[in-house]
Each structure stands twice: as structure tokens, then as C-alpha cells.
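If you want the building blocks of each chain, they are given just below.
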Amino acid sequence: MSHAALAAPSRRRAGDGGDRLFAGLCLGAGILVLLLLGAIILTLFIGGLPAFRAFGAGFLWSTAWSPVEGREQYGALVPIFGTVVSAVLAILVAVPLAFGVAFFLTELAPPWLRRPVGTAIELLAAIPSIIYGMWGLFVLVPLVQQYIQLTIGDTLGAIPLVGFLFASNSFAGTSLFSAALVLAIMILPFIAATMRDVFGQVPAVYKESAYGLGCTRWEVMRNVVLPYTRVSVVGGIMLGLGRALGETMAVTFVIGNANRLPTSLFDPSTTIASIVAMEFPESLMGSLKQSSLLALGFLLFVISFIVLAISRLLLRSRLKG
Amino acid sequence: MSTTTLPALSPVKDPAVAASLGRRRKRLDALLRWFCIGATALALLFLASILLTLILRGLEGLHWTTFTREFQPTTYGDPEAPTGGLLHAIIGSLIQTAIATAVGTPIGLLVGTYLAEYARGSLLGNAVRFVSDVLLSAPSILIGLFIYQLVVLPMGGFSGIAGALALAIIVIPVVVRTTEDMLQLLPNTLREAVVGLGAPKWKMITLVAYRAALPGIVTGILLAVARIAGETAPLLLTSFGNSVLSTDLARSMSSLPIAIYQQANSGFPDLIAIAWAGALIVTAGVLVLNIVARFAVRPRG
């Protein structure tokens, strides 16, 4: 009895020490993650500083990319344009498809089919980026080159005013269009998974009420499910957009890596991520070119941070309740 | 009063109109159904095409020498020359993935524990969760640039350790997410029971909570390994790749994705065949890890 009473205080003190240590470790690791993000932003900014200094704000809208010594000139417009356009095009293709997949998985598919199909779609998200790149280059690009580009160029290219968007002098097949297509396939599972999860969270009573009134499946989706999940659906789309903006290897394989402003969907182009992947390993340490690439990296970080932050805020409101 | 407005509001009174409206609604519904089935079929077709291409072309390039030899220049035009393999890349990938997992997992575990056990709802906790979520989807090539500035520049050259560190940063948010989710699934009564027995909180977490959440935590680690096993972009700027077998962490080191990237873009059919073999190895590994991770977590629902 007295023994236990004597032991208790010292035991508690020992526990307190362990508690303080463990809590400190956990807190420290948490703060480390915060510092990590800060350090990434700061490092990219400091690395890009010489380029920002040399070219000023003009860096943002210059299309120059000339590594000739003494007359070096670098601008960010072409990669930024390629990044944004390829990502937006990818979203335009991926969102309807992802919606279709999510709707199929939550409402249409028989229960025995949901799990295998859902798993297959998730595996699509697990395939590494470089595999998409190889598949894109050796399977998709020849298809685009031989069938899609000529067909679209001959038909839509004849439309006055906007026809130039579809007609290109480049017939390699590696183009903005191919990049957008590969990106669309890559982000489809992410958007579909988010949509499926939030569709599944709609209270069954709401849907049953609508079905009870005689609504068709599409009407239930259109008037009950979509309004209920709107915020999260947009969040899922932003998540896909964030992924598409920063995707590197797959795009590098199929975009053609040409540093000039594309006028057509089928022109080769470049993105921030792919120009960094292509040119950074070969650039001289501390050169202005390296600094320009770091500056581009900083811009990409800012763009994707904003998109991903919006996505998180939108998704949190529903998912975490 | 309302009888004056009702006929205008309900054309349904007219059987012909009602029937045509019903047909239109049904047709729209059927159209949407076919669109959704088509979209799902298309997504599955993409997956099938990728896997089929990998298997067909990968098996063509796969040979036992793939696992026993290092990189060799192309045999194009010289059938006598020895074909190369991917031994240097496989070893390099294993080393970097192992170090990255060993470094990233404990940090991720601690952060996840902080979020689930200590920071519930606090401002700092929300900030950490938010930043971790952003890092989860942040462009991996920027992590490569970050490590380049932080490690490669001071060391004066590309190195295996730089590659491993870049991958470790990618591991952290994956482990954080699954650890936090799994710990939050545990019933509070479990925690109360342990603390009620007089155990300090840290023992409650390490001896009981971790054990209860183990399948989930293992899933997170497997998913993280699967994720970094296929990462290419950050390695391009950190460990750069090497055409010979090297286990020296202070020098440039090859990895499967980098070897695939370099040989796929070489333009020589025999090197491209080896790249396909590598692609098959990587994808098989990644998909197996994913499927195992899914099964590991299934009993918990």
C-alpha cells in the first residue's frame, strides 16, 4: 500500500518526461513540415533572384529563350502559356469523363461491379508518370499523328477565324494536343475518385425523395446530387488542375519541347515543368540560365500552390464536415 | 384562385404533351447512362492499353541479362556486341527508395501522430495539415529543384543521397495522411482505457494506438514506396543517373525511372526495348505494392 503510494509520484514524473519528449517530437515534426514548405518557396525565390533582377517584370511576358553567351535572354511567357493551356485543355477533356465514371460507379453499376472497376480506376492513378510518358510517345502520339490531327486539321481547320487553332505545320504528333490528352488520362482518376466519394456522401433520403417524385437518374443527379456536392466537385477539379500544372515526365515525352509560342493545338510547345526537366540538368551551376529556370520553378510553385490551396479549402468544407 | 394558374403550369393535363415529355426525359436519361458507361469503358480501355503495351513490349525486351548487366551502348549495327541491362538502375532505385523511406517514414509518422493525437482542431494543427496536403500534390520536380539548391550545389555535384532526400520529402505527406486518418478511426474509449490504467499518453500512443492502427500505417508506407519508386523528375535534378553500377551515395546514382527515361529517348530500338523492360518492372512493382496495400487495409474496412 505505502509502497505503491511512494512509487506513484516518481512514476508519474517519469511518464511526464516521456510525454514531454514525445509531444515535443511530434510538434517538432509538424513544424518541420511547415518549415519545409517555407524553405522550398524561399529557396526557389532566392535561386531565381538573379533572373528576376536581370530581366525585371519583363521576364513574365518575354518569349525569348536564348542561351548565347553575352547576349543571354530568357523569358517565361512560352512555358507559362504551355503550362496553363495544356492543363486547362486536360481539365476540359477529363472532367466530363471523370463525371461519367463517378456517376457510373455510384448510381449505375451493379454492386458487384463497383469494387473491381473502382480499383481499376484507382490503379490508373498509381501508374508512374514516366510510364504515361512512354505510352504517350509510342502509342498515343502515332495515333494523334496519323488519325486525329489530319482529320481535325482537314475539318475544323477550314472554319474561318478559329481554323488556325487546328491547322499546324508540325506533323510530328508531339504537340500541345497530345500533352493535354495524356494529362487528361492522368488526372481523370483523381477527379473521378473525389467525385465518387462526395456523390456517395449525399444522404440517401434526399435521392429517395426525388426518385419517389418520379425523377429519372439524370434528374436526381442534376437537381439533387450536383447542387449538394457542388463545392466539393469544384474542389476535385481544382485538385486535378493542380496535378496537371506540375506534371513533368509525361508531358516532357509528348509535348515536343519547342520554346516558341504555339498558334495551333498541334504545334509543339513546352511547360514550366518540362523545360526545367529538359534544360536544368545540363545548365551550368550558377548560370543565368539556371537562375531563370529556378525563377520559372518559383512561378510554377506559386501557381500550383494557389490552385491546390483553393482545392483543399473547397474539399475540406464537405469531407471533414 | 389557383385554378387560373394551374392549367398553364401543368401541360401534363394534355396526354400527348405528357407522353412526349416523358419520352424526352427517358431519352435524356438513357443518353446520360450510355455516356457514363462509355466514359468508364474509355478509362478502362486506357488502363488496358497501357498494361498491354507494357506487357507486350516489356516481355520482348526482358531477358535475364536485364537483371545481371549494367548499361551498354547500343548494339545497333553490331550484333556481336553485348546487350546491356538495368542492374545499375535497379540497385540505385533500391538504395534511394530504402533511404528515402527510412528517413521520411518516421517524420511522417510523427506528424500524423501530432495531427491526430495532439493538435485536434488547433490553428497550428490545421496549418500543418493544410501544408502537408499541399505538399502531397505539389509538383515533384520543384522538390528536385529545392534539393538541388540545398544539397547538390553545396556538395558540388549530383549525388545519390540528394536523390534519396528528395524522395524522402515526397514520402512524408503520404505517410502523414494515412497515419492521421487511421489514428482518427480509433475509438476514444480505447485511449481512455489505456490512460485510465495509468499509462502516460506517449505509451498509450506508441504501445496501443500504433498497434491498433498498424494495418493503416503499413498501407501508407507501401503507398509511399509505390509513389517514389516511379518518381523521375526530382531524381533528374538530384541523383541525375549513372551508366555504371555505383553504391557511392556521394556520387551520381542511377535509378530505374531515370534509366527508362534516358534509354527511351535514345532513338535506338535495342535501348528502347530495354527501357520497356524497365518500365514493365517498375509498373509491376508499383501496382503490386498498391494492391497489397489495399488488401492490408481491407479488414479494417
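Described in the following lines is the structure provided in the data block. Nothing here was measured: the structure is a model prediction, and the numbers come from that model.

About the thresholds
Residues numbered from 1 in each chain as written. Chains lettered and ligands numbered in written order. Predicted model: local features only at pLDDT ≥ 70, side-chain atom pairs only at ≥ 80, totals over all residues. Heavy atoms only, no water. Helix = DSSP H or I, 4+ residues; strand = E, 2+ residues; numbered from the N terminus. Buried < 20%, exposed > 50% of the residue type's maximum accessible area, 1.4 Å probe, protein only. Salt bridge = Lys/Arg side-chain N within 4 Å of Asp/Glu carboxyl O. Contact = heavy atoms within 4.5 Å. Polar contact = N/O pair within 3.5 Å; in protein donor to acceptor, adjacent residues only side chain to side chain. Nonpolar A, V, L, I, M, F, W, Y, C, P; charged D, E, K, R; others polar.

Points about the side chain of Ser159(B)
Within the secondary structure, Ser159(B) is located in the loop between helix H6 (140-155) and helix H7 (160-185). Exposure remark for Ser159(B): the relative accessible area of 0% places this residue in the buried category.

What about the pattern of salt bridges?
All told, the structure shown has twelve salt bridges over all chains when counted by the stated rule. With its nearest N and O atoms 2.2 Å apart, the salt bridge here joins Glu122(A) to Arg294(B). Taken together, the residues Glu122(A) in helix H3 (residues 111-126) and Arg294(B) in helix H13 (residues 269-297) connect one chain to another. Relative accessible area serves as the criterion here: at 24%, Arg294(B) is assigned to the partly exposed category. The shortest N-O distance in the salt bridge between Glu219(A) and Arg25(B) comes to 2.6 Å. One end of the pair, Glu219(A), is in helix H7 (residues 217-246); the other, Arg25(B), is in helix H2 (residues 15-61), on a second chain. Connected through salt bridges with shared partners, the residues Glu122(A), Arg196(A), Asp197(A) and Arg294(B) form a single ionic network.

Describing the interface of chain B and chain A
Each side of the interface is counted separately: chain B has 85 residues, and chain A has 83 residues. Connecting chain B to chain A are three salt bridges. Applying the counting rule to chain B against chain A returns nine residue pairs in polar contact (both at pLDDT 80 or more). Taken together, the residues of the side of chain B that touches chain A break down into 59 nonpolar, 15 polar and eleven charged.

As for the environment of Ile55(B)
With respect to the helices and strands, Ile55(B) occurs in helix H2. Owing to a relative accessible area of 40%, Ile55(B) belongs among the partly exposed residues under this scheme.

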